[in-house]
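If you want the building blocks of each chain, they are given just below.
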Amino acid sequence: MSEHQHQESHVIEYGNYIFIWLGLLAFTGITVTVSGINLGNWTIVIALFIACIKSWYVLNYFMHMKYEEMVFKIFILTALFTFFIFLGFTFWDYSFAR
Amino acid sequence: MAKAAVPVEKLEPSYLDVSTNKYKKGILSWILSVDHKRIGILYLVSMMAFFCVAVFFGFLIRLELIAPGKTIIEAQMYNQLFTLHGIIMIFLFIIPGLPAVFGNFFLPIMIGAKDVIFPRVNLMSWYMFAIGGLFAVASMLLPGGSADTGWMFYVPYSVRTTTNVLPALTAAFILGFSSILTGLNFITTIHRMRHPDMSWFKMPLFVWSLYATAWIQVLATPIIGITLVLVGIERILGVGIFDPALGGDPVLYQHLFWIYSHPAVYIMILPAMGIASEIIPVFSRRAIFGYKYIAFSSLAIAFFGSLVWAHHMFTAGMSDAAQFVFSFITFVLSIPSAIKVFNWLSTMYKGSIKADPPFLYIMSFIFQFSIGGFTGLMLGALSVNIHLQDTSFVVAHFHYVMFGGTGFGIFAAMHYWLPKMFGRMYNLKVATWAWAIVTIGYNALYMPMFVMGYLGMPRRYYDYLPEFQPYHVASTIGSWILIIGLIIMFTNLYIGIRRGPKAPMNPWGGETLEWKVQTPPILENFHEVPDVHAGPYDYSKYEAKKETTK
Amino acid sequence: MSSTDHAAAVHQVHRDDYGSRLGMWLFLFTELILFGGLFIVYAVYRFMHQQEFHLAAQELNTTIGLINTIALLTSSMTAAMSITAMQKGNLRFSKWLIWVTIGFAFVFMVNKYFEWSAKIHHGIFPGSKDLLAKPDGEILYFGLYYVMTGLHTFHVIVGVIFFLFILRQIKQGKITSDRYVRLENSALYWHLVDLIWIFLFPLFYLIH
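In this text, all values refer to a predicted model and were calculated from it rather than measured experimentally. (Residues numbered from 1 in each chain as written. Chains lettered and ligands numbered in written order. Predicted model: local features only at pLDDT ≥ 70, side-chain atom pairs only at ≥ 80, totals over all residues. Heavy atoms only, no water.)

## Regarding the interface of chain C and chain A
At the interface, 52 residues of chain C touch 50 residues of chain A. A combined buried area of about 4,700 Å² lies between chain C and chain A, and 75% of that area is made up of carbon and sulfur atoms. One salt bridge connects Arg21(C) with Glu68(A), and the closest N-O pair in it is separated by 2.7 Å. In this structure, the connection of chain C to chain A is made through seven residue pairs in polar contact (both at pLDDT 80 or more). Residue assignment for the side of chain C that touches chain A shows that the elements contributing at least two residues are helix H2 (17-48), helix H4 (62-87) and helix H8 (181-205) of chain C. The leading source of residues in the side of chain C that touches chain A is H2(C), at 18 residues. (Contact = heavy atoms within 4.5 Å. Buried area = accessible area lost by both parts, 1.4 Å probe. Salt bridge = Lys/Arg side-chain N within 4 Å of Asp/Glu carboxyl O. Polar contact = N/O pair within 3.5 Å; in protein donor to acceptor, adjacent residues only side chain to side chain. Helix = DSSP H or I, 4+ residues; strand = E, 2+ residues; numbered from the N terminus.)

What follows is the structure, given as structure tokens:
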């Protein structure tokens, strides 16, 4: 059972963090720019999509999820899945005629 | 007693004698202790105190309903009593009942660990429990009168009523976080602290059920937390969230409330199913039938249990699509529960059954849980639900699952484990009588509610038509029998703990690890961690013995 | 899991960094779902009142939102870097980075203060006459705006308290280059605060 081992840590260099940070700033710029263009219902889709990309980088690099073991990844998938169930199933009610 | 031949060895000082902090004796050595066993006892004592209060409220409600019109209390008082009865029973008794008391005490022992992984967080969760309890008490005593909204705090009434809704909301919020901390602790403990030879499928099934429970605690409880905060903010600041006068949607509140509160009933019932899976093999002297199915059905219940919340809201004005989907999944959910019941029955088949009190309580549990589960399916069917929604049929169903199921599971766990926890044995004969009285009283109390609910008696009503009176009288008399049984049971247990004969190491012949440590357990449970190669329910030696004696 | 000596270590030494991080992640999930409840409310009301949400969002100042986004992203980076500094044994730099993180947190809060006071000055606050005169969707929008950014700001304050606590523990020698899981956990908390803002920003400020 590998989850009991692995106590040593992974050192991430400062440069990598700066690189990720620049990327995050770039995505922020994109999302602000795109929001100025009228794309109808696609605006929110694109905004959330970019927010997801940004979260992906924060999770993987700032929060070190990339370097953690499988258990952590399964845990976070479980939590996110649960949230989307709660959100999605609420819309069984709201997206149909009441 | 099963094994009188167990030699009474010299006992080492147990956790009851050895303090973990600088206070050797007295209350501080308990309320500042981080030992998982002492925290379990703290929970036990505080939980029982709240239980007695809530039983008393239940008794008053039943007494009021013995005749139409005013009998002993005013209508407003009646509303407050059923609200408090619900809040206390749910948040202060059933939810912490099995995980926080028996889970805390036995989970580390059962997996071969010295403690939970975060002992201080564990103590903190008890403090939050105590503070939450104090808020619940404050909501009763403060001027303004205790909340009269029902334990569901439905908006917009909970935003408008002048009673002490805020202390009650705060209580539920804090108790929710106490429950989250317990769950978080258990998940991490089960992942990190298991005995190195104890693989996932050698864990006792009680541990499996606690694992599934803990996930619901962590992932569903925050929803009720934020929802109650929103109601509080709406009350204090007048922020428009749920109030229809400000554009809000009260049905959305109901969604959020049940997103937590339906999974919460699985927080309550799953550990009781775990207890049943522990007790049945021990008293049948047989390995549990279908170990993996029981383990996975716990996870399946936790999962599907999170998808059915809106079946509480079929008459609230949801879309037809939602009604259809939630009704369908409700039916799916009955499959894993049924798997468990069939596995328990198959375990007993051809076993050499010894009907001691823990086993008897589990038999009542299976009987009542099956009724409760089946009436739940009736309520989950859309057409029937229209007829039965908000009648006392729902009250009866709910109590059959929560009290007849979980409550009896807690009683079974008490009779099973208290001798191990305190090192003394209660009177088995008295316990058996108490079981009979409690079971009869219980069924007399709730069975009539099914009938009158079907005939149209609404729930939570203060007054009723005279034609319902015979059922109400039967139900109230049942409540008296039940309370007499409870008094006998608790007195017997209390006298047993204080003055009973010394309990042997393994009075019931269990094979899980808690029966391989001293009675009562020593401070860090084990000197050296015992051998767990055999797995939790290995009764091959008993079955071999049976062969030779025959 | 075969090495019994390692298992003995798990049982005898109370310290288990891996377990602490696992526990912290579980706690973060509860925070995630706590905000998740609010996001559900937001999603439902936005779905019901799309036009009014668009109109109401015009009142918010995108520039302030943008500055706050940059402040939080940058503070997230410095928080992550402080762990690297700690791992390398550079305690001074690590402490400095934590102070920078706290500094950005204050930039965020000051900004938020001006933003809220401008709103209140314009008569947009819960229960105000001006707000109640607006259509339902806008009342709900501003209700959610105050609750969600308010709860988020509360988490920013808690994060600052965590970091101040960490600074004290570094000073006391309780956090060192080979014992820094508390710093890691506080940083994880801070990143979560950042993550939530990543979603709050487009949902409130960028509806045009």
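## Details of the side chain of His49(C)
Among the secondary structure elements, His49(C) is positioned in the loop between H2 and helix H3 (50-57). Setting aside its immediate chain neighbours within four residues, His49(C) contacts Gly247(B), Asp136(C), Gly137(C) and Leu140(C).

## Some remarks on the packing of aromatic side chains
Scanning all chains against the criterion turns up 83 aromatic pairs over all chains. Plain terms: the ring middles of Phe162(C) and Tyr189(C) are 5.0 Å apart, the flat faces sit at 65 degrees to each other, and that makes the pair edge-to-face. Taken together, the residues Phe162(C) in helix H7 (residues 136-171) and Tyr189(C) in helix H8 connect sequence positions 27 residues apart. A network of ring pairs unites the aromatic residues Phe51(B), Phe93(B), Tyr361(B), Phe393(B), Tyr400(B), Phe403(B), Phe408(B), Phe411(B), Tyr442(B), Tyr446(B), Phe450(B) and Phe490(B) as a single cluster. Over the ring of Trp30(B) we find Arg38(B), and its NZ or CZ is 4.3 Å from the ring centre. (Phe/Tyr/Trp six-rings, centres within 6.5 Å; stacked < 30°, edge-to-face > 60°. Lys NZ or Arg CZ within 6 Å of the ring centre and 35° of its normal.)

## Quick look at the nonpolar core
With 290 residues, the main nonpolar core has Phe102(B) and Trp417(B) as its most contacted residues. Each residue touching Trp417(B), except ones within four places of it in the same chain, is listed here: Phe102(B), Phe106(B), Met110(B), Phe206(B), Ile275(B), Glu514(B) and Trp515(B). (Core = buried A, V, L, I, M, F, W, Y, C linked by side-chain atoms within 4.5 Å. Buried < 20%, exposed > 50% of the residue type's maximum accessible area, 1.4 Å probe, protein only.)

## Structural notes on the confidence of the model for chain C
Per-residue confidence for chain C averages 91 on the pLDDT scale, and 93% of its residues sit at or above 70. Taken as a whole, residues 1-13 of chain C scores under 50 in pLDDT and shows 18 contacts with residues more than four places along the chain or in a different chain. (pLDDT = per-residue confidence, 0-100.)

## Describing the interface of chain A and chain B
By a widely used convention, the size of an interface equals the accessible area lost when the partners come together. Across the boundary between the two partners, chain A contributes 20 residues, which contact 27 residues of chain B. Roughly 2,000 Å² of surface becomes buried between chain A and chain B when both sides are summed, with 68% attributable to carbon and sulfur atoms. If you sort the residues of chain A by the area they bury against chain B, Phe75(A), Phe86(A) and Phe89(A) come out on top, with a joint share of 29%. Summed over the shared surface of chain A and chain B, the result is five residue pairs in polar contact (both at pLDDT 80 or more). Residues of the side of chain A that touches chain B, tallied by class, amount to 12 nonpolar, five polar and three charged. (Nonpolar A, V, L, I, M, F, W, Y, C, P; charged D, E, K, R; others polar.)

## Notes on the pattern of salt bridges
Once their charged atoms are close, side chains differing in charge can pair, the charge on each being opposite to the other. Taken as a whole and assessed by the stated rule, the structure comprises 12 salt bridges over all chains. Residue Asp243(B) pairs with Arg160(B) through a salt bridge whose shortest N-O separation is 2.6 Å. Here Asp243(B), found in the loop between helix H7 (205-237) and helix H8 (250-284), pairs with Arg160(B), found in helix H5 (residues 157-160); they are 83 residues apart in sequence, far enough to count as distant. Overall, the relative accessible area of 7% leaves Asp243(B) in the buried class. Through salt bridges that share partners, Glu68(A), Arg21(C) and Glu184(C) make up one connected network.

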